[in-house]
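# Notes for the structure review
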Amino acid sequence: MEIIKGGVCSAKGFSANGIHCGIRHNRTKRDLAIIYSQVPATAAAVYTTNLVKGAPLIVTKKHIENGVAQAIICNSGNANTCNANGIEIAEKMSDLLSKELSVKPEDVVVASTGVIGQPLNIEPIANGIKPLVQGLSADNGHYAAEAIMTTDVAVKEVAVEFSLGGKTCRIGGIAKGSGMIHPNMATMLVFITTDAKISSQMLSKALKSDIQNTFNMISVDGDTSTNDMVVVLANGMAGNNEIVKEDEDFATFMKALNTVNVTLCRMIAGDGEGATKLLECSVSGAKTLDIAKTVAKSVICSSLTKAAMFGADANWGRVLCAIGYSGAQVDINKIDVSFKSKKGTVLVCKNGAGVDFSEDIAKEILLEKEIIIEVNLNDGDYNSQAWGCDLTYDYVKINGDYRT
């Protein structure tokens, strides 16, 4: 298993592009993306749990009921959510792309991200389809990653290379996510491609299993969005024997998928709106996996803890507070808490009570860009991780000005 350069075009047979078509007023920002497979691919997806769902999700869910897709189109700048003609616009997007690519309309995944409740004009998309397709290239995955961004500061893409039955396979992905990030699924837009051959049933099983410990363990601001999904396309062009059951090849594929997903999770959490720090809560010693996950999520979601991390304040009481209201059945008198970064580790709580530590050393540790909050429950063998970011002044500023 090796992390390699590239994103959604790392796997054989995939190309991509991203352009500015005019949805967004800022002409320096790309706002329309495409990902294309030379051949029809096995497809799987997971969607937001929000009852308010964007029209593109409804269309995509219908399109990939048969487990097949060949292209993805995504616009930024407008969510196409809560619009009377939303379904019509989403279907029109897939129709326009299908004609230009000569693929079936039902083999197109449609996605949108941006402002909710604002009508989406199809005209700039219609005008942009031809140049978008004409620019398809295995070298333009980065453009697609740029085109799906909204308040994101950084492009998010990763790829890994691995072997299945002696055949070299690759999985690559791009993501967008900065605000309205909160479990459970989904928490952003993620598009993943692979040239491994795997049945739609096993691909769906792999994705639904992995997100429980990756994308469902991120929180930036406690808001679960309306448009978010994770989509995986597997075109089989690596030439491996098809994965149709839980065997050694499936385990290898799961490991590769998890590597991509964890990397994207960390990128999303670290690029939270206004964020200056990536936070990870690492929980060990839990009686059950559910307890470990519940505690990790509660700590990473705590606004007071996030604010303390912004101020490099080793206020460990806020961590204990978040554990206490999480609903997890834990023995508070057994809990240890430490703060860790590349500057070192400081133990701040032992057996549920404070210990003497240097505030100066703790501050130096917490001034780093990546902070790990280590929680040992000392009550079992299960562990879990969750990811988030600090809470800064800029978060309010960004969201106060979002529409204007």
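Just above sits the structure.
The rules we used
Residues numbered from 1 in each chain as written. Predicted model: local features only at pLDDT ≥ 70, side-chain atom pairs only at ≥ 80, totals over all residues. Heavy atoms only, no water. Helix = DSSP H or I, 4+ residues; strand = E, 2+ residues; numbered from the N terminus. Contact = heavy atoms within 4.5 Å. Areas by Shrake-Rupley, 256 points an atom, 1.4 Å probe, with all protein chains shown as cover. Lys, Arg positive; Asp, Glu negative; His and termini not counted. Charge placed at Lys NZ, Arg CZ, Asp CG, Glu CD. Buried < 20%, exposed > 50% of the residue type's maximum accessible area, 1.4 Å probe, protein only. Arc of directions from axis to C-beta. Axes fitted to C-alpha atoms, helices over the stretch in contact; angles between N-to-C directions. Parallel < 35°, antiparallel > 145°, perpendicular 65-115°, else oblique. Left-handed = near helix turned anticlockwise from the far one by under 90°. Nonpolar A, V, L, I, M, F, W, Y, C, P; charged D, E, K, R; others polar. Salt bridge = Lys/Arg side-chain N within 4 Å of Asp/Glu carboxyl O. Polar contact = N/O pair within 3.5 Å; in protein donor to acceptor, adjacent residues only side chain to side chain. Pairing = 2+ DSSP bridges. Disulfide = S-S within 2.5 Å.

This part takes up the overall build of the protein. What the protein contains, in helices and strands, is 11 helices and 15 strands. Across its three principal axes, the protein shows a C-alpha extent of roughly 70 × 55 × 35 Å. A fraction of 80% describes how many contacts in the protein between residues 6 or more apart in sequence connect residues 24 or more apart. In the structure as shown, the protein presents an accessible area of about 16,500 Å², 48% of it carried by carbon and sulfur atoms. Of the charged side chains in the protein, 38 are positive and 44 negative, and the gap between their average positions amounts to 3 Å.

Within helix 9 (residues 317–324), the full set of buried residues consists of Val 319, Leu 320, Ala 322 and Ile 323. Mapping the buried residues of helix 9 onto a view down its axis gives an arc of 160°, with all of them on the same face. Elements that come into contact with the buried residues of helix 9 comprise helix 7 (289–301), helix 8 (303–310), strand 11 (336–341), strand 12 (344–350) and strand 14 (370–376).

Put simply, helix 2 (residues 86–101) and helix 3 (residues 122–134) touch, their axes get as near as 10 Å, and they point 25° apart. In this view, helix 2 runs roughly parallel relative to helix 3, as classed from their interaxial angle. The crossing of helix 2 and helix 3 is right-handed. Listed contacts from helix 3 to Ile 89, Lys 92, Met 93, Leu 96, Leu 97, Glu 100 and Leu 101 of helix 2 are Ile 122, Ile 125, Ala 126, Ile 129, Lys 130 and Val 133. Class assignment of the residues belonging to the contact of helix 2 with helix 3 gives a composition of 10 nonpolar, no polar and three charged.

Here Lys 277 lies in the loop between helix 6 (248–270) and strand 10 (278–286). Buried Lys 277, no salt bridge; nearest opposite-charge side chain is Asp 390, N-O distance 5.2 Å. Polar contacts involving the side chain of Lys 277 include one to the main-chain carbonyl oxygen of Met 309, which spans 2.5 Å. With residues up to four places along the chain from it excluded, the contact list for Lys 277 reads Met 309, Phe 310, Ala 312, Leu 366, Leu 367, Glu 368, Lys 369, Ile 371, Gly 388, Cys 389 and Asp 390.

Right, let's get into the environment of Ile 373. Position of Ile 373 relative to the elements: it lies in strand 14. Its relative accessible area of 0% is what places Ile 373 among the buried residues. Residues Ile 373 and Val 337 lie 36 residues apart in sequence; the distance between their C-alpha atoms is 7.2 Å. In contact with Ile 373, not counting residues within four places along its chain, are Glu 280, Cys 281, Ser 282, Val 299, Thr 305, Met 309, Val 319, Val 337, Ser 338 and Phe 339.

A separate point is the pattern of salt bridges. One pass over the full model with this rule turns up 14 salt bridges. Put simply, Arg 30 and Glu 146 hold a salt bridge, and the shortest N to O gap is 2.7 Å. Highlighted residues: Arg 30 in the loop between strand 2 (14–19) and strand 3 (32–47) and Glu 146 in helix 4 (residues 141–147), separated in sequence by 116 residues. Classification of Arg 30 as partly exposed rests on a relative accessible area of 24%. A salt bridge links Glu 91 to Lys 62; the shortest N-O distance between them is 2.7 Å. Residue Glu 91 is located in helix 2, and its partner Lys 62 is located in helix 1 (residues 55–63); the two are separated by 29 residues in the primary sequence. The class for Glu 91 is buried, based on a relative accessible area of 18%. Several salt bridges share partner residues, and in doing so they unite Lys 342, Lys 343, Glu 364 and Glu 368 into one network.

Moving on, we come to the environment of Ile 34. Relative to the helices and strands, Ile 34 resides in strand 3. Through-space distance from the C-alpha of Ile 34 to that of Cys 74 is 6.5 Å; in sequence the pair is 40 residues apart. In contact with Ile 34, other than residues within four places in its own chain, are Ser 15, Ala 16, Asn 17, Ile 72, Leu 97, Leu 101, Leu 132, Val 133, Leu 136 and Ala 144.

What follows covers the pairing of strand 3. Of all 16 residues that make up strand 3, 13 are buried, and the element is covered over most of its length. Here strand 2 pairs with strand 3 via six bridges, running antiparallel. Of the residues in strand 3, the one forming a bridge with Gly 18 is Ala 33. With seven bridges connecting them, strand 3 and strand 4 (residues 68–78) associate as antiparallel partners. When the bridges of strand 4 are listed, Thr 42 appears paired with Val 68.

Here Asp 195 lies in the loop between strand 8 (189–194) and helix 5 (200–210). In this structure, the C-alpha to C-alpha distance between Asp 195 and Gln 118, residues 77 residues apart in sequence, is 37 Å. Leaving out residues up to four positions away in the same chain, Asp 195 has contacts with Ala 11, Lys 12, Cys 169, Arg 170, Asn 235, Gly 236, Met 237, Ala 238 and Asn 240.

Per the counting criterion, the structure on display carries zero disulfides. The structure places no disulfide on Cys 82, whose sulfur is separated from the nearest cysteine sulfur, that of Cys 74, by 17 Å. By relative accessible area, which is 57% here, Cys 82 ends up exposed. Not engaged in a disulfide, the cysteine Cys 281 finds its nearest cysteine sulfur in Cys 301; these two sulfurs lie 10 Å apart.

That is the geometry; function is a separate question.
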